[in-house]
Amino acid sequence: MAKMEVKTSLLDDMIGVGDMVLLEPLNEDSFINNLKKRFDHNEVYTYIGSVVISINPYRSLPIYTPEKVEEYRNRNFYELSPHIFALSDEAYRSLRDQDKDQCILITGESGAGKTEASKLVMSYVAAVCGKGAEVNQVKEQLLQSNPVLEAFGNAKTVRNDNSSRFGKYMDIEFDFKGDPLGGVISNYLLEKSRVVKQPRGERNFHIFYQILSGASEEFLCKLKLERDFSRYNYLGLDSAKVNGVDDASNFRTVRNAMQIVGFMDHETQSVFEVVAAVLKLGNIEFKPESRANGLDESKIKDKNELKEICELTGIDQSVLERAFSFRTVEAKQEKVSTTLNVAQAYYARDALAKNLYSRLFSWLVTRINESIKAQTKVRKKVMGVLDIYGFEIFENADNSFEQFIINYCNEKLQQIFIELTLKEEQEEYIREGIEWTNIEYFNNAIICDLIENNQTGILAMLDEECLRPGTVTDDTFLEKLNQVCATHQHFESRMSKCSRFLNDTSLPHSCFRIQHYAGKVMYQVEGFVDKNNDLLYRDLSQAMWKANHSLIKALFPEGNPAKINLKRPPTAGSQFKASVATLMKNLQTKNPNYIRCIKPNDKKAAHIFNDALVCHQIRYLGLLENVRVRRAGYAFRQAYEPCLERYKMLCKQTWPHWRGPARAGVEVLFDELGIPEEEFSFGRSKIFIRNPRTLFKLEDLRKQRLEDLATLIEKIYRGWKCRTRFLLMKKSQVVIASWARRYAQQKRYQKIKSSAIIVQSYIRGWKARKLLRELKHLKRCNEAVTIIAAYWHGTQVRREYRKFFRANAGRKIYEFTLQRLMQKYFLEMKKKMPSLSPIDKNWPARPYLFLDSTHKELKRIFHLWRCKKYRDQFTDQQKLIYEEKLEASELFKDKKALYPASVGQPFQGAYLEISENPKYKKLKDAVDEKIIIAEVVNKINRANGKATSRIFLLTKNNVLLADQKNGTIKSEVPLGDVTKVSMSSQNDGFFAVHLKEGSEAATKGDFLLSSDHLIEMATKLYRTTLSQTKQKLNIEISDEFLVQFKQDKVCVKFIQGSQKNGNIPTCKRKNNRLLEVAVP
Ligand SMILES: Nc1ncnc2c1ncn2[C@@H]1O[C@H](COP(=O)(O)OP(=O)(O)O)[C@@H](O)[C@H]1O
Ligand SMILES: [Mg+2]
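How each quantity is defined
Residues numbered from 1 in each chain as written. Chains lettered and ligands numbered in written order. Predicted model: local features only at pLDDT ≥ 70, side-chain atom pairs only at ≥ 80, totals over all residues. Heavy atoms only, no water. Donors = N, O, S within 2.8 Å, 3.2 Å for Na, K, Ca; no water. Helix = DSSP H or I, 4+ residues; strand = E, 2+ residues; numbered from the N terminus. Buried < 20%, exposed > 50% of the residue type's maximum accessible area, 1.4 Å probe, protein only. Pairing = 2+ DSSP bridges. Axes fitted to C-alpha atoms, helices over the stretch in contact; angles between N-to-C directions. Parallel < 35°, antiparallel > 145°, perpendicular 65-115°, else oblique. Left-handed = near helix turned anticlockwise from the far one by under 90°. Contact = heavy atoms within 4.5 Å. Core = buried A, V, L, I, M, F, W, Y, C linked by side-chain atoms within 4.5 Å. Phe/Tyr/Trp six-rings, centres within 6.5 Å; stacked < 30°, edge-to-face > 60°. Lys NZ or Arg CZ within 6 Å of the ring centre and 35° of its normal. 1 Å grid on protein atoms, 1.4 Å probe; cavity = no way out; pocket = protein on both sides within 12 Å on 5 of 7 lines; lining within 4 Å. Points joined across faces, edges and corners; volume = space filled by probe spheres on them. Nonpolar A, V, L, I, M, F, W, Y, C, P; charged D, E, K, R; others polar.

A. View of the coordination of the magnesium ion (ligand 2). The magnesium ion (ligand 2) binds to the protein through Thr115 (OG1) and Ser164 (OG), with metal-donor distances spanning 1.9 to 2.2 Å. Placement of threonine 115 in helix H5 (residues 114-128) and of serine 164 in strand E5 (residues 163-164) is noted, with a sequence separation of 49 residues between them. Each of the two residues, threonine 115 as well as serine 164, counts as buried.

B. Region of the structure containing the sheet that holds strand E28 (residues 1040-1045). The strand order across the open sheet formed by 4 strands is E28-E29-E31-E30, and the pairing between neighbours is mixed. Across the chains shown, the open sheet's two edge strands, defined by having one partner strand only, are E28 and strand E30 (1066-1071). Pairwise comparison of adjacent strand axes, ignoring direction, gives a mean angle of 30 degrees for this sheet. Examined bridge by bridge, E30 and strand E31 (residues 1074-1079) share 5 bridges and lie antiparallel to one another. Looking across to E31, one finds that arginine 1069 is bridged to leucine 1075.

C. Region of interest: the packing of helix H10 (residues 247-261) against helix H11 (residues 265-281). For the pair H10 and H11, interaxial distance at closest approach is 10 Å and the crossing angle is 135 degrees. Overall, the two elements H10 and H11 adopt an arrangement that is oblique. Between H10 and H11 lies a crossing of right-handed hand. Of the residues in H11, those in contact with Phe251, Arg255 and Met258 of H10 are Thr268, Val271 and Phe272.

D. View of the nonpolar core. Core analysis: the biggest nonpolar cluster contains 183 residues, and Phe31, Phe152, Leu320, Phe324 and Phe512 have the highest contact counts within it. Broken down by element, this core gets its largest block of residues, 13 residues, from helix H14 (residues 342-372). Residues within four places of leucine 320 in sequence aside, it is in contact with Leu306, Ile309, Cys310, Ile315, Leu352, Leu540, Ala543 and Met544.

E. Representation of the packing of aromatic side chains. What the rule picks out here adds up to 37 aromatic pairs. Members of the aromatic cluster, each reached through a chain of ring pairs, are Phe401, Phe404, Phe477, Phe491, Phe512, Tyr523 and Phe528. We note arginine 322 situated over the ring of phenylalanine 326; from NZ or CZ to the ring centre the distance is 4.4 Å. Stacked on the ring of phenylalanine 263, the Lys or Arg arginine 367 has its end atom at 5.2 Å from the ring centre.

F. Region of the structure containing the layout of surface pockets. The calculated volume of the second largest pocket comes to roughly 1800 Å³. For the second largest pocket, the lining is made up of 48 residues, of which Glu90, Lys100, Asn591, Phe636 and Leu695 are closest to its centre. Counting only elements with at least two residues in the lining of the second largest pocket, the list comes to helix H4 (84-98), helix H15 (401-432), strand E16 (591-598), helix H25 (623-632), strand E17 (636-639), helix H26 (640-647) and helix H28 (692-805). Here the lining of the second largest pocket takes 8 residues from H28, the largest share from any one element. Considered class by class, the residues forming the lining of the second largest pocket number 17 nonpolar, 12 polar and 19 charged.

As structure tokens, this is what we get:
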């Protein structure tokens, strides 16, 4: 499992030893070798107990990743391999959990990695402390203050491309939960001389280069700057570009950081205007000008630059110009103006530039503090991170006032380290009565005293010299030093050496040397007085105050004439001394955590480990002594009360309360836990634990026990919770049960009630039905009685009255009834009479069966009556026609198929008007009788069946056939000679007229004729014959009859023929005896 592979001790996979305390044998060589071995294996961190030694790797190592942060988070200090994160975690946790303010002291030479270390600490703390939008903003602001301050306060030096040129102490403030609330930054003495002059191979502050490379053309134009570095006297040219540093992109980073920290746009603008003004100040040059009175005067060579500065800063040009040429001294209400010579003018110019810049820097720090300061007034826990400029030694006696100050500061830090670790530790052992063998170490208090002693210290001397009336130079200051400090062991000068009969020609006349804890440093005395004075002519500060530029005005409050202060401002040295003293006091109240940075080489190169250089640093840092003290001493100590309080839960006797002195309690506790005796000692007020491992064991036991206790509390709480819950549930259950029972009973009762009602209703129904049955029976009995009684009475009555009815009453009643019925019948018939039309078949229905025959008779009578009535309307003419029609009907109805068509045709008789037509005159004359029929007929030739037209005439006595063309009579037959007329039953007009055998006409044979009006002709022939001869003419209807032709008899046969000739019947002679007529 991955968890198993996690390191649990710094002893795992150790290269060399991770903790110098464990080094065997312990001497300088083994110490350095151990460091070197680890350095070669990329292990740049090593412990001395809780102190972290850090060697600058000069290249980025993959040991600062978020994963690493997680790895070190909440782990014991000695669990993992040494790391700056382990120290940060330890400090953060004891701040958060034990409520101890912390400070992290980072010391080391310039370029040893202090600033980087401080940033790593801050980023680790930022990564592990609380989260959330508000907290993140605070963190971001705290972290982003770094790039801003670095841009303005760092510069490239020969030792370090990003050397901090100011001291920085930052307090990060946390709330009780360990969430960051804000911070306070203190800055110490910016190396402002760098603004106007840089040593060889070094650069001015980064910001100047960043503006020129990174600002847009437009912005540069606004600031009246040019991109070319060489245009500016204040920018050292020999190393304007630094390898691996992108000034342009850094400029963007800085602007962005300023925005995040909370700088307003106008503020940023003002800041860059001041920076531009400083840069341009360097370009102002002066030339000498002699005046008549012999005084030296100076004049600005080219006023263009001055003009631009004034435009930038809103200063009246003439005011500034005057401030560069005159100096006003005020003494006792007297104002004296003196002119400045060229050197003085340059001095004034540079002083102004330096002051402007260093005040701007202080303003920046104040402004950042305003942004990052904690917003609440709740009690805060504080973690201080001190990153102060490192010990500095320049070769060739280039060390000046700044180095002196820097080194003094380092001296003080060493002092506090010694005090807190070495001396304090040993003293504590003695105080506590612990057996202790003293360890020799170098205490640098004596050097601190040499510098800061209020009477005889170098700084006091310098101040005295500065304030002294009369001519004061750096040499007079050195003289004074020689007098006062000559006998001091750590002070050397040519003079003091001489006086001690030593001869050291390496020491120039204008120098003095101090043997610092970290080595001998030769200081060039030149400039000490001026720098300490830090003088800015009042004319200049007043000129600045008059600027129409709010930032510049604010930077020079002493320029306000209303606030003129004749007292000298405190010197730079005394100011610094005071602030260092405050710092030391501040640090002493906090729990210190040390990071001792070591520089492996002078070349800023990776992988190079210079033994001599490292050895030197180890020596002056007193690391070996540090190890010795650690080894001799105890890793951990704590007063008895808090110790007992912390671990009392580990033992039955002390838990939960120990009654008695705390020390006895701790003794019992340790005894109980079985900690070996050599692992601890009892001091007067504290317990001392020798080995960290013992402490961790205690801590682990405590953690385990706390977990058990937590479980116990949880158990009891859960039990209580469950019990109360159970009781509550039980109570509720009773309530619910009672309600449920009540409900169930209610339901049961209702069911029983409704069942009872049903049973009851059935019983009631049954009873009612029984009663009903009885009542009905009673009623029927009563009725029966009544009926029987009625019948009985009826019988009685009828028996009584029979004698009165028997004779005629029945008949009378019957007749009367009949009469009434008849009356009713006739009256109703009267109403329902049908119409008078003889063909109307309607007749009302019969009402009574017994009237059947009457009804039929009545119908017959009525019909006869209405027929008579109808006939009575006819004239004689009409009567005749109807008689004829009636005759035709009697003769042919249902016998001849031709008949029905003839009914609707009126009989006309004379179809041919003989009398009218002249061609028939002869015929008319021949027949003088009345003509009954005159019509054209076809005479069928008996030989071949062909037809010829003949006129057929019927008179009262004769039948005549005449030629149709001329009316010549062809045959004349008296009616008495006509014996029979034959015709078919079919729909044809053929007929034969049979003649009496032996008569005159009969010689030619019978006539076979065809006519369109056969029925009429036959009827009329019949009637005429009847009236003339009183004999009925025989009319034979048959489809086969014989016709007399001369002597032969020919059979005329009618057959159903084809419709070849349309509707006309055709006649054909078949043989001698057969004439066939085909009827369609
Ligand atoms: N832990 C580190 N890892 C990688 N490089 C480092 C580390 N510490 C320092 N350096 C390198 O050394 C240079 C100088 O470090 P810095 O912290 O500025 O020194 P100091 O502040 O002590 O003067 C840095 O610019 C960086 O290049
Ligand atoms: Mg630094």
